[in-house]
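The lines below spell out each chain.
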Amino acid sequence: SEMRVENMSYTTAYRAIVGSLLWIARCTRPDIMHTVCQLSRFMQNPGYQHMQRAKRAVQYLAGTRNRGIVWHPKGPDGKMNQVITYSDSSFADQENAKSTYGYLTCLNGGPVDYASKVQLDVAHSTCEAEYVAMSKAIVSAVSMSELLTEMEIPQETVAVHCDNTAAIAISAEDKAHMRTRAIKVRYHHIRDEVAAKLVSIHYLSTNEMPADLMTKSLAR
């Protein structure tokens with residue numbers, strides 16, 4: 001009985017820490033979003049190492065209090081109210097073989113929408129994992145563009161950046177073939193968005209990809 005109470009209090013403390021980290025990550029600190037995504041997978045039965053990693057995230061925040069999101073008067077291309085989206089994905093995580101996707105939608109250089117989540121389906125290739133991530137990123141990009149348009153801030157075609165050339169090539173095609181037959185139909189809305197010129201897909205190398213932060217732990 002005492003052990004059960006102790007375990008309940010331990011789990012409650014872990015949930016409180018991760019819940020607070022999630023709130024901070026969603027509001028102002030996208031740099032810890034991937035970490036919080038990993039920690040939240042163990043909310044039901046956290047172990048000692050999970051609690052230690054949660055505390056390490058808190059220590060990281062305490063040591064980087066001066067960090068935060070910065071919005072500039074203009075975007076990277078010198079345009080005002082410019083929306084740019086970045087998408088990335090890992091491939092086949094060791095835990096359940098599912099990939100983790102991430103995206104960053106930025107306005108004037110500062111992120112306004114971002115996510116790090118496990119994909120619902122098991123991807124058959126890196127290309128498929130990146131294509132699914134691109135789908136999620138485009139939903140965010142189009143939503144932000146429509147919101148700004150409703151606010152009478154006209155938007156041009158939103159640039160979506162990806163670091164996988166095969167996924168970019170598939171987004172430009174208008175028919176299925178052998179390498180796309182495993183990709184579920186619901187993700188092919190990408191082609192409609194590209195054809196309607198709501199978004200344009202561009203290649204950006206992995207070394208320069210901000211969304212890489214959403215899919216894996218990075219070195220300093």
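None of the values given here were measured: they were computed from a predicted structure.

Asks: Teacher, can you tell me more about the pattern of salt bridges here?
Replies: When their charged atoms lie close together, side chains carrying opposite charge are able to pair. Summed over all chains, the structure comprises 4 salt bridges. For the salt bridge of Asp31 with Arg29, the shortest nitrogen-to-oxygen distance reads 2.9 Å. Given the relative accessible area of 23%, Asp31 is considered partly exposed. When the shortest N-O distance is used, the salt bridge between Asp212 and Lys216 registers 2.5 Å. Residues participating in the shared-partner salt-bridge network are Asp88, Asp212 and Lys216.

Asks: Would you take a moment to explain the layout of surface pockets for this structure?
Replies: In this approach the atoms are scanned with a rolling probe the size of a water molecule, which exposes any empty space left behind. Empty space within the second largest pocket amounts to approximately 200 Å³. Forming the boundary of the second largest pocket are 13 residues, of which Lys79, Gln82, Val83, Glu156 and Thr157 lie nearest the centre. When residues of the lining of the second largest pocket are traced back to their parent elements, those giving at least two are strand 1 (83-89) and strand 4 (158-162). For the lining of the second largest pocket, the residue count by class is 6 nonpolar, 4 polar and 3 charged.

Asks: Explain the side chain of Gln119 here, please?
Replies: Of note, Gln119 is situated in the loop between strand 3 (110-118) and helix 4 (126-150). A polar side-chain atom of Gln119 sits 3.0 Å from the main-chain carbonyl oxygen of Ala129.

Asks: I tried to follow the confidence of the model for the protein chain on my own but got confused; where do I start?
Replies: Per-chain confidence: the protein chain averages 84 in pLDDT, with 88% of residues scoring 70 or above. The spread of mean pLDDT over the elements of the protein chain runs between helix 1 (residues 2-27), the lowest at 78, and strand 4, the highest at 93. Taken together, the stretch residues 1-6 has pLDDT below 50 and engages in 0 contacts with residues farther than four places along the chain or on a different chain.

Asks: Sorry if this is basic, but what is going on with the pairing of strand 4 here?
Replies: Along any regular strand, the residues point their side chains to alternate faces of the sheet. Most of strand 4 sits inside the fold, with 5 of its 5 residues counted as buried. Of the two faces of strand 4, the one carrying Val158, Val160 and Cys162 and the one carrying Ala159 and His161 are both buried. In the sheet, strand 1 pairs with strand 4 via 3 bridges, with the strands oriented parallel. Opposite Tyr86, over in strand 4, you have His161 as the bridge partner. Here strand 4 runs beside strand 5 (residues 199-203); their pairing, made up of 5 bridges, is parallel. Residue pairing for strand 5: Ala159 is matched across the bridge by Ser200.

Asks: Help me out: how do you make sense of the sheet that holds strand 3 in this one?
Replies: Remark on secondary structure: sheet strands pair via backbone hydrogen bonds, oriented parallel or antiparallel. Across the sheet, which stays open at both edges, the 5 strands sit in the order 3-2-1-4-5 with mixed pairing between neighbours. With partners counted over all chains shown, the strands left at the sheet margins are strand 3 and strand 5, one partner each. For this sheet, the mean angle separating the axes of adjacent strands, direction not counted, is 20°. The pairing of strand 2 (residues 100-107) with strand 3 spans 8 bridges and is antiparallel. Paired with Cys106 across the bridge in strand 3 is Pro111. The strands touched by helix 4 within the sheet are strand 1, strand 2, strand 3, strand 4 and strand 5, with strand 1 carrying the most contacts at an inclination of about 160°.

Asks: Is there a simple way to explain the nonpolar core in this structure?
Replies: Most often, soluble globular proteins keep nonpolar side chains buried together rather than apart. Of all hydrophobic cores here, the largest spans 21 residues; its most connected members are Tyr14, Leu21, Ile32, Val36, Leu39, Tyr86 and Leu104. Of all the elements in the fold, those that place two or more residues in this core are helix 1, helix 2 (33-39), helix 3 (48-63), strand 1 and strand 2. With residues up to four places along the chain from it excluded, the contact list for Ile32 reads Leu21, Ala25, Tyr60 and Leu61. Cys162, Ile170, Ile190 and Val199 belong to the second largest nonpolar core, which has 19 residues in total.

The rules behind these values
- Residues numbered from 1 in each chain as written.
- Predicted model: local features only at pLDDT ≥ 70, side-chain atom pairs only at ≥ 80, totals over all residues.
- Heavy atoms only, no water.
- Salt bridge = Lys/Arg side-chain N within 4 Å of Asp/Glu carboxyl O.
- Buried < 20%, exposed > 50% of the residue type's maximum accessible area, 1.4 Å probe, protein only.
- 1 Å grid on protein atoms, 1.4 Å probe; cavity = no way out; pocket = protein on both sides within 12 Å on 5 of 7 lines; lining within 4 Å.
- Points joined across faces, edges and corners; volume = space filled by probe spheres on them.
- Helix = DSSP H or I, 4+ residues; strand = E, 2+ residues; numbered from the N terminus.
- Nonpolar A, V, L, I, M, F, W, Y, C, P; charged D, E, K, R; others polar.
- Polar contact = N/O pair within 3.5 Å; in protein donor to acceptor, adjacent residues only side chain to side chain.
- pLDDT = per-residue confidence, 0-100.
- Contact = heavy atoms within 4.5 Å.
- Pairing = 2+ DSSP bridges.
- Axes fitted to C-alpha atoms, helices over the stretch in contact; angles between N-to-C directions.
- Core = buried A, V, L, I, M, F, W, Y, C linked by side-chain atoms within 4.5 Å.

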